[in-house]
Amino acid sequence: MDANEILDYCLAKKGVAESFPFDNETLVTKVGTKIFLLMSLERQPLSINVKTDPEWSAELREQYPQITGAYHMNKTHWNTVSIDGLKRELILKLIDHSYDLVFKSLTKKMKEEISNN
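- By the naming in an unreviewed UniProt entry, the chain is MmcQ-like protein, taken from Chryseobacterium piperi.

See below:
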């Protein structure tokens, strides 16, 4: 997968917007007002940061050397995923999981607004 495919996949989800709040290199995707994916557009190989359940994070890090605790983020909940060598299905599953975790943490009002659009 490349950066455009990942971004298109994210933007196809309800309530998602993209921005560059930190610098011109780090693309952020949010659902509502909360981040669920960060992607460095300059770093090679391509990597993304996604939120994961802490127990699954531990399993992923043991199973895949491409998945590590996210730099400058809470490593209990966030992983850096180097895309090279990972199956597309796993990457999409990680993105979906991150989106779902963050969506569930939104206020009831915000979830209803997103769901009704």
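**Brief notes about the packing of aromatic side chains**
Thinking step 1. In this structure the tally under the stated criterion is two aromatic pairs.
Thinking step 2. Arranged with centres 5.4 Å apart and planes meeting at 85°, the rings of phenylalanine 36 and tyrosine 99 form a pair that is edge-to-face. In this pair, phenylalanine 36 sits in strand S3 (residues 34-40) while tyrosine 99 sits in helix H3 (residues 88-105), placing the two residues 63 residues apart along the sequence. This pair shows no difference in class: phenylalanine 36 is buried, exactly as tyrosine 99 is.
Thinking step 3. Considering the side-chain rings of tyrosine 99 and phenylalanine 103, the 6.1 Å spacing of their centres and the 15° angle between planes classify their relative orientation as stacked. Linking tyrosine 99 with phenylalanine 103, this pair stays in helix H3, spanning four residues, or about one helical turn. For the pair tyrosine 99 and phenylalanine 103, a shared accessibility class is recorded, and that class is buried.

Cut-offs applied
- Residues numbered from 1 in each chain as written.
- Predicted model: local features only at pLDDT ≥ 70, side-chain atom pairs only at ≥ 80, totals over all residues.
- Heavy atoms only, no water.
- Phe/Tyr/Trp six-rings, centres within 6.5 Å; stacked < 30°, edge-to-face > 60°.
- Helix = DSSP H or I, 4+ residues; strand = E, 2+ residues; numbered from the N terminus.
- Buried < 20%, exposed > 50% of the residue type's maximum accessible area, 1.4 Å probe, protein only.

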